[in-house]
There are 2 protein chains.
Amino acid sequence: MADSEAIQNPTAEQQPAAAEGAPEAPKVPSKNELKKRAKEEEKARKAAEKAARQAELEAQKAAAEVDYAKEFYGTLPLNQSQSRPRRERVQIASLNPNMDGQTVLLRARVQTSRAQGSKMVFLNLRQRTDSVQALLTVAPEKVSKQMAKWAAGLQIESIVLAEGVVKKAPEFIKSATVGDVELHLTKLHLISGLETILPFTVDDANRPEPAETEAEDVQFKRVLLDTRLNNRVVDLRTQTNQAVFRLQHAIGHLFREYLDGKGFTEIHSPKLQGAATESGASVFQVSYFKGKAFLAQSPQLAKQMAIAADFERVYEIGPVFRAEDSNTHRHMTEFIGLDLEMAIEEHYHEVMELLDGLFLHMFRSLKEKYSKEIETVRKQFPADEFKWREGPEGTLKLSFKEAVDLLVEDGVPREDLDDIDTTNEKRLGRIVRAKYDTDYFIIDKFPMALRPFYTMPDPEDPTLSNSYDFFMRGEEILSGAQRIHDAKLLAEQMRGKGIDPASMSSYLDAFKLGCPPHGGGGIGLERVLMLFLKLNNIRRASLFPRDPKRLEP
Amino acid sequence: MADSEAIQNPTAEQQPAAAEGAPEAPKVPSKNELKKRAKEEEKARKAAEKAARQAELEAQKAAAEVDYAKEFYGTLPLNQSQSRPRRERVQIASLNPNMDGQTVLLRARVQTSRAQGSKMVFLNLRQRTDSVQALLTVAPEKVSKQMAKWAAGLQIESIVLAEGVVKKAPEFIKSATVGDVELHLTKLHLISGLETILPFTVDDANRPEPAETEAEDVQFKRVLLDTRLNNRVVDLRTQTNQAVFRLQHAIGHLFREYLDGKGFTEIHSPKLQGAATESGASVFQVSYFKGKAFLAQSPQLAKQMAIAADFERVYEIGPVFRAEDSNTHRHMTEFIGLDLEMAIEEHYHEVMELLDGLFLHMFRSLKEKYSKEIETVRKQFPADEFKWREGPEGTLKLSFKEAVDLLVEDGVPREDLDDIDTTNEKRLGRIVRAKYDTDYFIIDKFPMALRPFYTMPDPEDPTLSNSYDFFMRGEEILSGAQRIHDAKLLAEQMRGKGIDPASMSSYLDAFKLGCPPHGGGGIGLERVLMLFLKLNNIRRASLFPRDPKRLEP
């Protein structure tokens, strides 16, 4: 509109003003002078007539350019809930060829905008993982040139309110997810524009990642991870990320669904602790009024106390905090723990088997109900489909000793295997995948020396423990065990690991008041998500990740 | 056993020793002497015979007291998962008269134990909210006196493994929740005993509370709240608390169920923040490696950023932290926020109405599906049933102005009502209950001055805002509003409230990149639970509550 106002049109009113601009003539004219004047007057009259004709033409032209579409486009006033017409708005995902001819209204982002000549504009409109092609064509009384120009000038990522007629697409439109229809726009208004330059386009951020290289931080990516995370709000708009976080939601939902069906109670335990729990080294300290507090490293103590308080079976989904200065692809200072704890009747394998049932429920349901989201992510992060064992033989369960033997067979020196480090974990994952055709397995019976003080020792070999880890694609995603429910043995084990029992008295007291045998485990939500989808970096599985170097956004 | 050992029985061996005690007779005996001897010998022989007979009787009696029930009772070795017989164990709640004659095995707490004479012991066995009477009767080859004595000596709150035969109760047993059967015990073993003195009994802790008095801290309670909280693990075992935390689980479940059905995505936002958000005064500070971080006061900023990132509708259930030195019945330093945020199409009443639908879903489902738990709690905390309006007129919605008018009509000076304080909130609750017969209502259109900087002003009256609070029994349980989605207006409002926009740049940036109009709200989980059940103190609705003076257990 600024452009059209800039056109300089001489108007009818300007011309007479110019004619009146000759008042300085002498008072008594000669005959020649009179002739000259008559000639000049004739000339002026003709010029005025010409100007009038031209003005009329211009006026006609201007009339032709009056923007008859003014009401159909433009910036809406800021929505402060001025009115509520209750007009239905549709989702792009619901559009289909059966709606051919229907007028619909929708709110969407402008993903792309491209003018074809001055009379046609193609827009790609996006809602989350769905997009549709919209088309604006200049037509008398409907779409003006000005409207087309305005639409072509919309910044990408603007939010618009679009009204249009659904039309069957003449051929499938590959650039849209809903490709069998297009939208012939009749109205287009801006709801929210941009007040800054986009750090990168959502299209760029959604491009397939190059194949994983051995070196972890080699980046062939079009948008670097750090740039993405610095501008996470735009990064999260990619179809990939919209799908990743639908899947994160799904994992939490499936976790609860399975456990609710098994009689578990959801608990919420405090993150503010009076003492540094489990291990003092990696706990964040908080200023608490005139004293101090510590952030819980896990709900371990609280969930065991809930068992001593007769809750029988509990789970918790909540943040856990680790003050470890680890800058790796799989560590964050804050992540979401999916924790559970349950009383056992006879044997800790009751818990281990329940946890296995939980993972199988998650894997099966993700594959069945979320294949669209998994496919969407795979376009950007190509990965072999996640594999697990179905059928009567069940999930592969190795003892720690068997796992070590597999690694030794594969060439790892036995003396390096007091513990299995990250590199050997991944190697074991590859061996298992090759030998047993599974990305998911369990290692049972870890050496006591590798486990925390509250782990129940094996009844026959006190160097072993009743504990297990679960693995996905060669990385640990769950750690669990039978716990010591006897206060005397617990205090003894604390002292054995250099912990003063008096420093954890309210925890210890819980077991002095009678506690059933119990066990449990803790799962890292983001790890499961990362490994199921092979996102290669845990930060991609967290909405706003936190690590030793990142507290924003 | 100590008692039976104390009985002094002369034995056969003791009698001959006594007979051998007369060696001082003269060497050459007279006839009389011989006669006398013969007599004495005869006497001794008879005495010996008598003693032998008596010894035989005693031996028979002793044989009868050999503990033939030794295998049927006693302390089990510490469960380290030594074996897995896979024997079915039952729940007390499942016992019923149709099982008459069946032998069952179960793990339970000893709630009470009472001997009747030396041949019968009554035990009350408890699992969570359920209990049953068990009976141990001395019977040859089955239950020995020793076994009965051992059972009578079990400390209450011990955990036992009990085997018994289900019998129809001759009459309903009022002291048990499952009163139509009793369990005739055949075996009884100790799984976990106590190593300390119980601070109070679960029976005492479960007694009805006296009626609420006006003065908040007058305590007629049998077990004081502080004593309970100091020994929370025992306190949580009461049937009341088992029910309270099943209901806490239910509220979270119903919240998610409703929102999942409305297309919401669950998110997990970081609790560690780079800057003190919303208001610097009441934020906890954390030592973060060489710098510092702050604990999130709410997921407000993150959930709005998720809307700017196209998530459309999000919710979060997680801890929120408030460094307020408030020591009242309704403040904690850490509690669980049920938060949601959604894009709106036309008007913020879309959110307000969705939130209303959410509460109605929760109230209705609690009443329908959790009446047993609500009844259990009411036995200890008597309360009028929570009331809300059903039917076509719907939930009562007052404007802030109308709420003030109601209070003025009731006698509160208008000049005191720039804000409605806690006392007037409760008064308003009573007025509304009397006038509209509801414990649940909404106040809309709060003055702008009372709301945070991100609240959208009313389109006509800039002193008012598009914001609302929800109330239960005269206390606020939800606060929400339409938010400002325009970066310029947001920065302006920040400055108006004395906040430097630069200090919240990553939040502000989210709106510069285009954001749809949106609104939401935050609910305090423990407040809803406390007010629905009328628990009178928020600490009772939190598993391990945290306040300025309490970080343990």
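Reading the values: the criteria
- For every chain, the first residue of its written sequence is number 1, and the numbers climb from 1 along that sequence.
- A letter from A marks each chain and a number from 1 marks each ligand, given out in the order of writing.
- Reporting of local features is limited, given that this is a predicted model, to residues whose pLDDT is at least 70; pairs of side-chain atoms are given and counted only at 80 or more, and all residues count toward the totals for whole chains, interfaces and linings.
- For the side-chain quantities, the full set of heavy atoms in the structure was used; hydrogens and water were omitted.
- UniProt positions are given in the numbering used here, feature names are shortened, and annotations may be inferred rather than shown by experiment.
- Note on contacts: a residue pair qualifies if any of its non-hydrogen atoms lie within 4.5 Å across the two residues.
- Buried area is a sum: the accessible area each of two parts loses on coming together, probed at 1.4 Å, counted once for each and added.
- One speaks of a salt bridge when a side-chain nitrogen belonging to Lys or Arg is within 4 Å of a carboxyl oxygen belonging to Asp or Glu.
- Whenever two N or O atoms come within 3.5 Å, that pair is a polar contact, provided that in protein one can donate a hydrogen and the other can accept it, and provided that, for residues adjacent in sequence, both atoms are side-chain atoms.
- The helix count covers DSSP runs of H or I at least four residues long, the strand count covers runs of E at least two residues long, and both are numbered beginning at the N terminus.
- Following the grouping adopted for this structure description, the nonpolar residues are Ala, Val, Leu, Ile, Met, Phe, Trp, Tyr, Cys and Pro, the charged ones are Asp, Glu, Lys and Arg, and the polar ones are all others, Gly among them.
- At least two DSSP bridges between two strands are needed for those strands to be called paired.
- Joining through side-chain atoms within 4.5 Å is the link that ties buried Ala, Val, Leu, Ile, Met, Phe, Trp, Tyr and Cys residues into a set, and such a set is a nonpolar core.
- Three exposure classes are used, based on accessible area relative to the maximum for each residue type with a 1.4 Å probe and protein chains only: buried under 20%, partly exposed in between, and exposed over 50%.
- For this overlay, a least-squares fit was computed on C-alpha atoms, restricted to residues scoring pLDDT of at least 70 in both copies.
- Any two rings among Phe, Tyr and Trp, with Trp reduced to its six-membered ring, count as a pair given centres within 6.5 Å; such a pair is stacked if its planes are under 30 degrees apart, edge-to-face if over 60, and tilted if neither.
- Helix axes are fitted only over the stretch in contact, all axes being lines through C-alpha atoms; the angle between N-to-C directions runs from 0 to 180 degrees.
- Geometric relationships in this document are graded by angle, where less than 35 degrees denotes roughly parallel, more than 145 denotes roughly antiparallel, 65 to 115 denotes roughly perpendicular, and other angles denote oblique.
- Crossing handedness is read from the near helix: turned anticlockwise from the far helix by less than a right angle, it gives a left-handed crossing, and turned clockwise, a right-handed one.
- Patches here are clusters of residues that have more than 30% relative accessible area and form no salt bridge, with a 9 Å joining cutoff for like charges and a 5 Å cutoff for nonpolar side chains (Val, Leu, Ile, Met, Phe, Trp, Tyr).
- Using a 1.4 Å probe, the Shrake-Rupley method yields the accessible areas, and only the shown protein chains count as cover for residues.
- Charge assignment in this entry is limited to Lys and Arg as positive and Asp and Glu as negative, and neither His nor the chain termini are counted.
- In this description, the location of a charge corresponds to atom NZ of lysine, CZ of arginine, CG of aspartate or CD of glutamate.
- pLDDT measures the predictor's confidence residue by residue and takes values from 0 up to 100.

In the nomenclature of an unreviewed UniProt entry, chain A corresponds to Aspartate--tRNA ligase, cytoplasmic from the organism Trametes cubensis. Looking at chain A in UniProt, the text filed under Subcellular location (unreviewed entry) is "Cytoplasm".

A. Quick peek at the interface of chain A and chain B. Counting residues at the interface gives 115 residues for chain A, matched by 115 residues for chain B. Buried surface at the junction of chain A and chain B, both sides included, amounts to about 9,800 Å², of which 55% is carbon and sulfur. On inspection of chain A and its partner chain B, the count reaches 14 salt bridges. Two residues, E312 of chain B and R107 of chain A, come together in a salt bridge whose shortest N-O distance is 2.9 Å. Taken together, the connections running from chain A to chain B amount to 74 residue pairs in polar contact (both at pLDDT 80 or more). Top element by residues in the side of chain A that touches chain B is helix α8 (residues 239–260) of chain A. It accounts for eight residues. A per-class count over the side of chain A that touches chain B returns 53 nonpolar, 28 polar and 34 charged.

B. The sheet that holds strand β15 (residues 467–472) of chain A, seen in detail. All names here are of chain A. With respect to topology, eight strands assemble into an open sheet ordered β7-β11-β12-β17-β16-β15-β14-β13, the strand pairing being mixed. Where the open sheet ends on each side, the last strands, each with one partner, are β7 (265–266) and β13 (396–399). Pairing of β13 with strand β14 (residues 440–444) involves four bridges; the strand directions are parallel. Residue K397 lies in a different strand from β14, and its bridge partner there is I442.

C. Highlighting the nonpolar core. Judged by nonpolar contacts, the single largest core of 86 residues is most densely connected at F359, Y440 and F470 of chain A together with Y507 of chain B. Every residue in contact with Y507 of chain B, bar those within four places of it in the chain, is listed here: L301, Q304, M305, F453, Y454, L490 and M494 of chain B. With 84 residues, the next largest nonpolar core counts V314, L490 and I499 of chain A together with M362 of chain B among its residues.

D. Looking closely at the relation of the copies chain A and chain B. It takes a turn of 179° to lay chain A on chain B, together with a shift of 0.1 Å along the axis; the resulting RMSD is 1.7 Å. The symmetry that links the two subunits is that of a two-fold axis. Among all residues of chain A, the one whose C-alpha sits closest to the rotation axis is V286 of chain A, at a distance of 1.6 Å. A shared binding surface is used by both copies, with 100% of the interface residues of chain A retained as interface residues in chain B.

E. Just the packing of aromatic side chains, in detail. All names here are of chain A. A full pass over the atoms with the stated rule returns 46 aromatic pairs over all chains. Measuring from ring centre to ring centre gives 4.8 Å for F363 and F386, while their planes differ by 55°; the resulting arrangement is tilted. Here F363 is found in helix α10 (residues 349–369), whereas its partner F386 is found in the loop between α11 (371–380) and β13, with 23 residues between them in sequence. Of the two residues, F363 and F386, neither departs from the other in class, the shared state being buried. By way of ring pairs, the aromatic residues Y348, F359, F363, F386, W388, Y440, Y468, F470 and F532 are connected into one cluster.

F. The pattern of salt bridges, seen in detail. Residue and element names in this part refer to chain B. Counted according to the given criterion, the structure contains 82 salt bridges over all chains. Between R364 and E390 there is a salt bridge whose closest N-O contact spans 2.6 Å. You can see R364 sitting in helix α10 (residues 349–369) and its partner E390 sitting in the loop between α11 (371–380) and β13 (396–399), a full 26 residues away along the chain. On the basis of relative accessibility, which here comes to 33%, the residue R364 falls in the partly exposed class.

G. Here's a closer look at the sheet that holds strand β15 (residues 467–472) of chain B. Residues and elements named next belong to chain B. With mixed pairing, the eight strands of this open sheet are ordered in space as β7-β11-β12-β17-β16-β15-β14-β13. Of all the strands in the sheet, the pair left with one neighbour each is β7 (265–266) and β13. Sheet topology places strand β11 (residues 313–321) next to strand β12 (residues 334–343); nine bridges connect them, and they run antiparallel. When the sheet's bridge partners are listed, I317 is paired in β12 with L338.

H. Up close: the pairing of strand β3 (residues 120–127) of chain A. Residues and elements named next belong to chain A. Burial within β3 is extensive, with seven of its eight residues counted as buried. Where strand β2 (residues 103–116) meets β3, seven bridges bridge the pair, whose relative direction is antiparallel. Opposite A115, over in β3, you have V121 as the bridge partner. For β3 and strand β4 (residues 130–137), the ladder comprises eight bridges, and the chain directions are antiparallel. Within β4, the residue paired with M120 across the bridge is T137. If you look at the hairpin formed by β3 and β4, you'll find two residues sitting between the two strands, and R128 has a positive phi there, around 50°.

I. Structural context of the side chain of S467 of chain A. Residues and elements named next belong to chain A. Structurally, S467 can be placed in strand β15. Classification of S467 as buried rests on a relative accessible area of 0%. In contact with S467, not counting residues within four places along its chain, are Y348, I443, D444, K445, F446, R451, T455, G480 and A481.

J. Focus on the packing of α10 of chain B against α11 of chain B. All names here are of chain B. Where α10 meets α11, the axes come as close as 5 Å, and the angle between the chain directions of the two elements is 85°. Judged on the interaxial angle alone, α11 and α10 are roughly perpendicular. Side by side, α10 and α11 meet where L366, K367 and K369 of the first sit next to S371, E373 and I374 of the second.

K. Representation of the packing of helix α8 (residues 239–260) of chain B against α11 of chain B. Residue and element names in this part refer to chain B. Two numbers describe how α8 lies on α11: the axes approach to 8 Å, and their chain directions differ by 135°. Comparing the axis directions of α8 and α11 gives the class oblique. As for the relative orientation of α8 and α11, their crossing is left-handed in sense. Along the contact surface, α8 presents Q239, T240, A243, V244, R246 and L247, while α11 presents E373, I374, T376, V377 and Q380. Of the residues that constitute the contact of α8 with α11, the class distribution is five nonpolar, four polar and two charged.

L. Region of the structure containing the environment of R495 of chain A. Residue and element names in this part refer to chain A. Here R495 lies in helix α14 (residues 487–496). Assessed through its relative accessible area of 53%, R495 is described here as exposed. Taking the C-alpha atoms as reference, R495 lies 14 Å from A449; in sequence the two are 46 residues apart.

M. Structural view of the pairing of strand β9 (residues 285–288) of chain A. Every second residue of β9 of chain A is oriented toward a common face, the buried set being V286 and Y288 of chain A and the non-buried set Q285 and S287 of chain A. Where β9 of chain A hands over to strand β10 (residues 291–295) of chain A, the hairpin turn is made up of two residues, of which F289 of chain A adopts a positive phi near 50°.

N. Region of interest: a negative patch on the surface. All names here are of chain A. The grouping of E415, D416, D418, D419 and D421 at the surface amounts to a negative patch. With respect to the helices and strands, the residue D419 is situated in the loop between α12 (400–409) and α13 (422–436). With a relative accessible area of 39%, D419 lands in the partly exposed category.

O. Inspection of the confidence of the model for chain A at higher detail. Residue and element names in this part refer to chain A. Per-residue pLDDT for chain A has a mean of 90; in total, 91% of the residues score no lower than 70. Here residues 1–26 is modelled with pLDDT under 50, and outside its nearest four sequence neighbours on either side it reaches 12 contacts, counting other chains as well. Scored below 50 in pLDDT, residues 213–221 shows 10 contacts in the model against residues more than four places distant or in partner chains. Prediction confidence for the complex, expressed as pTM and ipTM, is 0.87 and 0.87 respectively.

P. How the structure looks around the side chain of R540 of chain B. Residues and elements named next belong to chain B. Among the structural elements, R540 can be located in the segment after α16 (525–533). Since its relative accessible area comes to 9%, R540 is described here as buried. A distance of 2.6 Å separates the side chain of R540 from the backbone oxygen of L535, its partner in a polar contact.

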